[in-house]
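Each chain is listed here by its residues.
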Amino acid sequence: MKVLVTLDIPDIGVNLLKDADFEVSIWKEVAPMDQKELINRTKEVDALLCTSVDKIDSHFLNQCSHLKVISQFAAGYDNIDIAEATRLGIPVANTPDAMSNATADIAFALMLAVSRKLCFLHKSIISGNWGHFVPKANLGLELKGKTLGVFGLGRIGFEMAKKCKGAYDMKIIYCNRTRNNVAEEKLQASYVTFDELLAQCDVLSVHCALNSETEGLFNNEAFKKIKSSALFINTSRGPVHNEKDLIEALNNGEIWGAGLDVTNPEPMTPDNPLLSMENVAITPHIGSASITARDEMSRLAAENIIEFFENGRVSYLINA
């Protein structure tokens, strides 16, 4: 069986495939393939190990309907037309358990960076603006005892809530499609409506999937309902927030600050006004960028494919 790996992932997954007698081809360039190249190469293989930057839409799937299985090197899968893959009978899998802790670390780090203006003040040193001690300058927020609001309390949201509860004894509230009984028991988390989440939180941390319901959800209307002293943290997907509305909310003082590991669009241009704001911290979509997480993502993505060809089942199947 032949497998195409669309980017140069950690060796652990590639070696697993090779040890299982798969013929593996890897796209070694830094820039991903355009869709035409991706289709042409995929036509020559039986399985695809793709990443979230690949456009696996209806056109691609119908051009490559021969595929036996698709395994995504990521937890999210908004780049894949799952409904069309299901219609064509192509199983699609992901790696949901691999990067929960690493991504929660980034959410937690962004929360700290925003609350104490760390990124802005670091840049001020580089600019030569470290001057005299001024008692009223560079004041940030303390987090102890504050309320963390989690939108999307799944694996990553749970890890973020656990860190905030343990480090700062923060009260946890959350908004989900369904209740998270484990979080309610272990973290004393309280289930609230979306409007209650916005109104009550001191830190709003977003961990939802990107879909038709969540795209653009955090917009002018939402930001006006948040406390002016609140922090907005997004480590899910950039299109979940409306970036123009976020900039406006920050400029108008409707929220205190924002920490983003994802932007809309990506990559962000160097002249984006968010990059020069005092109460903003931005990282370039590095939520899963730890050695441990990326190795585990590689392993699980490979094992999805191996498991399918060995026994016809996939542990992390998206479309049953």
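Above: the structure in question.
Residues numbered from 1 in each chain as written. Predicted model: local features only at pLDDT ≥ 70, side-chain atom pairs only at ≥ 80, totals over all residues. Heavy atoms only, no water.

Draft legend 1. Region of the structure containing the side chain of T263. Tracing the sequence through the fold places T263 in the loop between β11 (257-260) and β12 (280-282). Of the polar contacts made by the side chain of T263, one reaches the backbone oxygen of P265; its length is 2.9 Å. Residues within four places of T263 in sequence aside, it is in contact with G238, H241, E243, M268 and I282. (Helix = DSSP H or I, 4+ residues; strand = E, 2+ residues; numbered from the N terminus. Polar contact = N/O pair within 3.5 Å; in protein donor to acceptor, adjacent residues only side chain to side chain. Contact = heavy atoms within 4.5 Å.)

Draft legend 2. Quick look at the sheet that holds strand β2 (residues 23-26). Taken in spatial order, the five strands line up as β2-β1-β3-β4-β5 in an open sheet, and their pairing is parallel. For this open sheet the edge positions go to β2 and β5 (92-93), each flanked by a neighbour on one side alone. The strands touched by helix α1 (residues 11-19) within the sheet are β1 (2-5), β2 and β3 (47-50), with β2 carrying the most contacts at an inclination of about 150 degrees. (Pairing = 2+ DSSP bridges. Axes fitted to C-alpha atoms, helices over the stretch in contact; angles between N-to-C directions.)

Draft legend 3. Structural detail: the nonpolar core. Counting residues in each nonpolar core, the largest one holds 29 residues, and the members touching the most others are L204, F218 and F232. Those elements that place two or more of their residues in this core are β7 (171-175), α9 (194-200), β9 (203-206), α10 (220-223), α11 (243-251) and β11. Element by element, the count of residues in this core is highest for α11, at four residues. With residues up to four places along the chain from it excluded, the contact list for F218 reads F151, F194, L198, L204, V206, F223, F232, V240, H241 and N242. Ranked by size, the runner-up nonpolar core spans 27 residues in total, among them F108, A113, V114 and F158. (Core = buried A, V, L, I, M, F, W, Y, C linked by side-chain atoms within 4.5 Å. Buried < 20%, exposed > 50% of the residue type's maximum accessible area, 1.4 Å probe, protein only.)

Draft legend 4. A look at the packing of α1 against helix α12 (residues 291-311). The geometry of α1 relative to α12 is characterised by a closest axis approach of 7 Å and an angle of 25 degrees between their N-to-C directions. Taken together, the axes of α1 and α12 are roughly parallel relative to one another. Considering only the axes of α1 and α12, their crossing is right-handed. Along the contact surface, α1 presents I12, G13, V14, L16 and L17, while α12 presents D295, S298, R299, A302, E303, I305 and I306. (Parallel < 35°, antiparallel > 145°, perpendicular 65-115°, else oblique. Left-handed = near helix turned anticlockwise from the far one by under 90°.)

Draft legend 5. Representation of the sheet that holds strand β6 (residues 147-151). Spatial ordering of the open sheet is given by β8-β7-β6-β9-β10-β11-β12, a layout of seven strands whose pairing is parallel. Both outer strands of the open sheet, β8 (190-191) and β12, are each paired with one neighbouring strand and no more. Alignment of strand β10 (residues 231-234) against β11, held across four bridges, turns out to be parallel. Looking at the pairing, N234 lines up with L260 of β11.

Draft legend 6. The packing of helix α5 (residues 100-115) against helix α7 (residues 155-168), seen in detail. It is at 8 Å that the axes of α5 and α7 come closest, and there the two elements cross at 50 degrees. One finds that α5 runs oblique with respect to α7. α7 is crossed by α5, and the crossing has right-handed handedness. Note on element contacts: α7 touches α5 through R155, I156, E159, M160, K163, C164, A167 and Y168, opposite S100, N101, T103, A104, D105, A107, F108, M111 and L112. Of the residues in the contact of α5 with α7, the class split is 10 nonpolar, three polar and four charged. (Nonpolar A, V, L, I, M, F, W, Y, C, P; charged D, E, K, R; others polar.)

Draft legend 7. Region of the structure containing the packing of aromatic side chains. Per the stated rule, a full pass over the model turns up nine aromatic pairs. A ring pair is formed by F223 and F232, whose centres lie 5.4 Å apart and whose planes are at 90 degrees; its orientation type is edge-to-face. F232 shares its class with F223; the two are buried. Each ring, one from F308 and one from F309, has its centre 5.3 Å from the other, and the planes form 85 degrees; the classification is edge-to-face. Site record: aromatic cluster; members linked through ring pairs are F151, F194, F218, F223 and F232. (Phe/Tyr/Trp six-rings, centres within 6.5 Å; stacked < 30°, edge-to-face > 60°.)

Note that all results are geometric; they support no functional claim without further evidence.
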